[in-house]
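Working through the structure, step by step
Spelled out, the chains give:
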There are 4 protein chains.
Amino acid sequence: MNDKHHKNWKDKLHEIIYEADTPAGKLFDVILLVTILASIILVMLESVKSIDVKYHNFLNISEWVITILFTIEYVLRIITVKKPLKYITSFYGIIDLLSTIPKYLSLIFAGTHALVALRALRLLRIFRILKLARFLGASNMLSSALKASRVKISVFLFAVIILAVILGTIMYLVEGEDSGFDNIPKSVYWCIVTLTTVGFGDITPQTPLGQFIASLVMILGYGIIAVPTGIVSAEYSSQSKQKEEPKKDKVVHVNTQCCVNCLNDKHQDGAEFCYKCGCKLHHD
Amino acid sequence: MNDKHHKNWKDKLHEIIYEADTPAGKLFDVILLVTILASIILVMLESVKSIDVKYHNFLNISEWVITILFTIEYVLRIITVKKPLKYITSFYGIIDLLSTIPKYLSLIFAGTHALVALRALRLLRIFRILKLARFLGASNMLSSALKASRVKISVFLFAVIILAVILGTIMYLVEGEDSGFDNIPKSVYWCIVTLTTVGFGDITPQTPLGQFIASLVMILGYGIIAVPTGIVSAEYSSQSKQKEEPKKDKVVHVNTQCCVNCLNDKHQDGAEFCYKCGCKLHHD
Amino acid sequence: MNDKHHKNWKDKLHEIIYEADTPAGKLFDVILLVTILASIILVMLESVKSIDVKYHNFLNISEWVITILFTIEYVLRIITVKKPLKYITSFYGIIDLLSTIPKYLSLIFAGTHALVALRALRLLRIFRILKLARFLGASNMLSSALKASRVKISVFLFAVIILAVILGTIMYLVEGEDSGFDNIPKSVYWCIVTLTTVGFGDITPQTPLGQFIASLVMILGYGIIAVPTGIVSAEYSSQSKQKEEPKKDKVVHVNTQCCVNCLNDKHQDGAEFCYKCGCKLHHD
Amino acid sequence: MNDKHHKNWKDKLHEIIYEADTPAGKLFDVILLVTILASIILVMLESVKSIDVKYHNFLNISEWVITILFTIEYVLRIITVKKPLKYITSFYGIIDLLSTIPKYLSLIFAGTHALVALRALRLLRIFRILKLARFLGASNMLSSALKASRVKISVFLFAVIILAVILGTIMYLVEGEDSGFDNIPKSVYWCIVTLTTVGFGDITPQTPLGQFIASLVMILGYGIIAVPTGIVSAEYSSQSKQKEEPKKDKVVHVNTQCCVNCLNDKHQDGAEFCYKCGCKLHHD
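The notes below deal with the structure included here. This structure is a prediction, so every number in the text was calculated from the model and none was measured. (Residues numbered from 1 in each chain as written. Chains lettered and ligands numbered in written order. Predicted model: local features only at pLDDT ≥ 70, side-chain atom pairs only at ≥ 80, totals over all residues. Heavy atoms only, no water.)

So, the relation of the copies chain A and chain D
What relates the two chain copies is a rotation about an axis together with a slide along it. Where we set the bar: Superposing copies: least-squares fit, C-alpha atoms only, residues required to have pLDDT of at least 70 in both.
Between the two copies, chain A and chain D, the superposition gives an RMSD of 0.0 Å; the rotation angle is 90° and the shift along the axis is 0.0 Å. Expressed as a symmetry operation, the mapping of one chain copy onto the other fits a four-fold axis.

Side note on a nonpolar patch on the surface
All names here are of chain A. Counted only if it meets this: Residues enter patches when they are more than 30% accessible in relative terms and free of salt bridges; like-charged ones are connected within 9 Å and nonpolar ones (Val, Leu, Ile, Met, Phe, Trp, Tyr) within 5 Å. Where accessible areas are quoted, they stem from the Shrake-Rupley method and a 1.4 Å probe; at the residue level, only the protein chains shown are allowed to cover. The working definition used for a salt bridge is a side-chain nitrogen of Lys or Arg within 4 Å of a carboxyl oxygen of Asp or Glu. Helix and strand definitions follow DSSP, with helices as H or I runs of at least four residues and strands as E runs of at least two, each counted in order from the N terminus.
On the surface, a nonpolar cluster with roughly 1100 Å² of combined accessible area is contributed by Ile61, Val65, Ile68, Leu69, Ile72, Leu97, Ile101, Tyr104, Leu105, Leu107, Ile108 and Phe109. The set of elements that each furnish at least two residues to the nonpolar patch consists of helix H3 (49–80) and helix H5 (91–108). The dominant element in the nonpolar patch, judged by the number of residues it contributes, is H5, at six residues. By the secondary structure assignment, Tyr104 is in helix H5.

Some points on helix H10 (residues 208–224) of chain C
All names here are of chain C. The test is simple: Expected span of a helix, by definition, is 1.5 Å for each gap between consecutive residues, and there is one gap fewer than residues. Accessibility here uses a 1.4 Å probe with only protein chains present; expressed as a share of the type maximum, an area under 20% marks a residue as buried, one over 50% as exposed, and anything in between as partly exposed.
Helix length check: H10 (17 residues) gives 24 Å between terminal C-alpha atoms against 24 Å at 1.5 Å per residue, within 8%. Most of H10 sits out of view: 12 of its 17 residues are buried. Taken together, the buried positions of H10 are Gly210, Gln211, Ile213, Ala214, Ser215, Val217, Met218, Ile219, Gly221, Tyr222, Gly223 and Ile224.

Here's the deal with the pattern of salt bridges
As enumerated under the stated definition, the model contains 20 salt bridges over all chains in all. Taking the shortest distance from any N to any O, the salt bridge between Glu177(A) and Lys49(D) comes out at 3.5 Å. With Glu177(A) in the loop between helix H8 (150–175) and helix H9 (184–195) and Lys49(D) in helix H3 (residues 49–80), the pair connects residues from two separate chains. The class of Glu177(A) is partly exposed, set by a relative accessible area of 41%. For Lys49(D), a relative accessible area of 55% gives the class exposed. Connected through shared salt-bridge partners, Glu73(A), Arg77(A) and Asp96(A) make up one network.

A word on the interface of chain A and chain D
This is how the line gets drawn: Working rule for contacts: check all heavy atoms of both residues, and any pair within 4.5 Å makes them a contact. By convention, the term buried area covers the 1.4 Å-probe accessible surface removed from two parts as they join, with the contributions of both added.
Across the contact, 45 residues belong to chain A and 47 residues belong to chain D. Approximately 3800 Å² of surface area, both sides summed, lies buried where chain A meets chain D, with 78% of it carried by carbon and sulfur atoms. Looking at the side of chain A facing chain D, the largest losses of area belong to Met218(A), Ile219(A) and Tyr222(A), adding up to 18% of the total buried there. For the pair chain A and chain D, the interface holds one salt bridge.

Thoughts on helix H5 (residues 91–108) of chain D
Residue and element names in this part refer to chain D. Defined as follows: At any given residue, the bend is defined as the angle formed between two axes, one fitted to the seven residues that end at that position and one fitted to the seven that begin there.
A rise of 1.5 Å per residue sets the reference length of H5, with its 18 residues, at 26 Å; its end C-alpha atoms lie 27 Å apart and thus fit the reference within 8%. Most pronounced at Pro102, the bend in H5 amounts to some 30°. Every buried residue belonging to H5 is among Gly93, Ile95, Asp96, Ser99, Thr100, Pro102, Lys103 and Ser106, and all of these are buried.

Remarks on the packing of aromatic side chains
Put simply, the rule reads: Aromatic pairing here means that ring centres of Phe, Tyr or Trp (its six-membered ring) are within 6.5 Å. Orientation follows from the plane angle: under 30 degrees is stacked, over 60 is edge-to-face, and everything else is tilted.
According to the stated counting rule, one finds 16 aromatic pairs over all chains in the structure shown. Here the aromatic rings of Phe181(A) and Trp190(A) are separated by 5.2 Å at their centres, their planes lie at 65°, and the arrangement is edge-to-face. Neither residue differs from the other here; Phe181(A) and Trp190(A) are each classed as buried. Ring centres of Tyr74(B) and Tyr87(B) lie 5.9 Å apart, and the angle between their planes is 45°; this geometry places the pair in the tilted category.

Remarks on the interface of chain B and chain C
Basically, it comes down to this: What qualifies as a polar contact is a pair of N or O atoms within 3.5 Å, subject to a donor-acceptor requirement within protein and to the restriction that residues adjacent in sequence count only when both atoms come from side chains. Three classes are used: nonpolar for Ala, Val, Leu, Ile, Met, Phe, Trp, Tyr, Cys and Pro, charged for Asp, Glu, Lys and Arg, and polar for all others, with Gly counted as polar.
Listed per partner, the contact involves 47 residues of chain B and 44 residues of chain C. Interface area, chain B with chain C, both sides summed: about 3800 Å², of which 78% is carbon and sulfur. Taken together, the connections running from chain B to chain C amount to one residue pair in polar contact (both at pLDDT 80 or more). Elements supplying a minimum of two residues to the side of chain B that touches chain C: helix H2 (23–47), helix H6 (125–129), helix H7 (133–148), helix H8 (150–175), helix H9 (184–195), helix H10 (208–224) and helix H11 (226–247) of chain B. No other element matches H11(B), which puts seven residues into the side of chain B that touches chain C. Residue composition of the side of chain B that touches chain C, by class: 32 nonpolar, 10 polar and five charged.

Now the structure itself:
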């Protein structure tokens, strides 16, 4: 109870940076998201030559400012957490690192700073930050449906790739170099383009036999697109049925408080201790 | 009872314009639909140069005639309703305005009158006018299924866009300008074209590495197309189950009578007062 | 019982032509199918110039032979049935007529004889002929699922077309003639190509703004493809559930016997009278 | 019990080659998979001219080495099995043969050795070898769902092909040779490309009428893609419901032991005799 008053600057910073329940924490998160968005747009604009010629200096300096801000944030995140290694090796920790490195690397290797666009991954934070329980629920159901159908989809994709190798080889033998089927890897590429119904049209069969086989490939692709869809939709239905029933007596409100010790951030409203490591949680 | 005989011209007009239960109201609606269709076809034909050269005057005059008719209709709709502001700010009110403005704007800004095609939105009225309860039921179920899966689909689309930004940047680094991947925005555009299995083929990877990554993108796109489908079909199944059961004791016949006061138009047959604002309904 | 021996030639022919339970009837149907297939292949080959130049006479004579055979069959079908008008106006009757007319028409209008390919529709007979109850069951379930979702799919397609008109107009205004968006009808065509994820690539947006809008159109198309799939699969599931339950006590074996009077062809094995018109059925 | 000690070399080899429960058997299978993968990559690389020019001898010799190894393996598989004919005519037996023949054939017919890529089919063995019960379960459910919907999908594909023939002919008549619709087979090919939403864009309609019909074809294709998806997903849901219930009391652990007599390889852990032919199983 009274340790709230003894909160040091580390705990305060932790609350601001990692949580979104206090006004300061919310403000921090909104500023963070806007900065990420701005930085992605900057990188995109810099890649457009006509714009880069005009505003090169402005773009470059802005990117450096944002990169330094991100570096400071990254260091603060490490300092304010009790187990820094756990943060560094966590999903968001790795993304945060990947978002700052490319700009520094561009000093050594020219041309790599476009990788700054990896910062887009940081936008995933939006789900946590906005504290939209609905969004979290929806994405949880999505990801659990995907997890449940992962094995089946792997089997399916594996079969599709074997199919693409075999059909690609046959097309290479039938069409040959004159139609753009220069070698087997390229034919396999064509086969994937066709099976997935993308159909770029950069390579197309020219001989009647090739067009006949291509027709079979397309009808096959049309038929098998039904399989992953069927899997996911069956899995998703059963997920939503399971979720519906036990929901009634399990609704608890989860906030974004984040344990200083183990980074677990799914605490109930009013929780005093982290339910994972037993560490005291700090409320305002 | 006897106030039916005292109906003034405003109420009569209201009945003709807003409702489709009387012969006059039906005729009005049919003429309206035909006029909308004619006007859309006129705009389309005018955009075809070879036709425009020959029939420019005829097309232009017809469009002006229709625009003036629509303007009169719009004014009448405002006059005959008790709360004009409610109509003006309603969905159909905005569409009606957007359908008349472009032609007038074309007097000031040349080239904008093609926006007259926005009139196509007015065709949505067909659902109300035809008074097809079946259609209304079907579109209600559709829209409620879409509403229920809205959050999930937003999560999904958001993830797709983040994915497109990252994969687009990678393709920009791998392929570069020689293959048409001029800048990151264009690469992201290519990535969306590929992930959605549209596959225009205006930009295609040329290097073996680029084609390999493109293959991964396509297989990914093939896999994730299953997700929204699964969501909608699971949601839709549960919608139709919910609808089936309580339906038996809830079937009431709804007509197109439209309250003069609040524009609510889902009254039961035989209703005397609007169930929303309590205002008296006018029958013939 | 004894009227089987009095069967006249008309009844015998009826049995051979319309039914597939006797050896003669089966043989007739197999020959018919082979002839239809042969005739379609002939028309296809004739359209290939290099083949037509070499074998023109052979192809032309073969087609005339088949056309005359089909004409004789058509006349016999009319003669051997008790209500010729019912046959002529039935689905198969119209197809049979459409299959013979084009060749005769080609005497008057050159170039129309390719319509002989309409004979492909006659192949639909295969479902009846092969007497595959499984196939019939499957196609019945398919068609009833499609019928049940017809209204919903119409609503959906209507919405897609309105969308295509509006988005097409916007693309016409944004891109203009330089990118191939010559006029609104062509832009609407492009929009349908894109929304359906076909993506020919004959017309593609060139300006950044156009590519941005195109991206939105594609993501929209990707999202809405889920709708009809969801509808059909929900409808189909409920169809198969309904079918599963009452099936246990309702399994009857249906043969291809065809009533001389009303052309109804779904009689149970051992049926003596048509269950629709009460007319006596003829067994061997 | 004691016959384990009398195991002759044939039985030992059988265990190594056909089973994956002993360390030796596992090692053999892993080496086999790696060799298959290596051989496929070799064939692919050889088809790339620039690589073939540099490393022709290395690639050729490696392929011969692998082919000879596969031949030895094939012979050993025949020798160590009690009923060689059963193996030779089994699914994997045929694939094993098809994987070795092309290289020998290339001595007689130049250019056919690319068929070595058929070895990709041998990769299907991965499912058995990895002993992933989960994978086996997933692929079993997949294949039984596909089997159950086989008839319905055949009906559907048959209808699609008839549709493609008719629409292809109409497009041939409408567009003609100027737009690339040279003959009916090519038009049918275009029609399949469009109906399946692949859309290469090598042939595209040029006339307004052709584009209008193409739009209809695309919307049709968009609509009917829902059908196979709906079928598979309904079928798959019912499959997974059936599987869920009886599973609880039926879980047995299956190993990869393979009967010397009948090649049946789905024995329970601890089984002493083959449950199909009653032949003694050999454990270590």
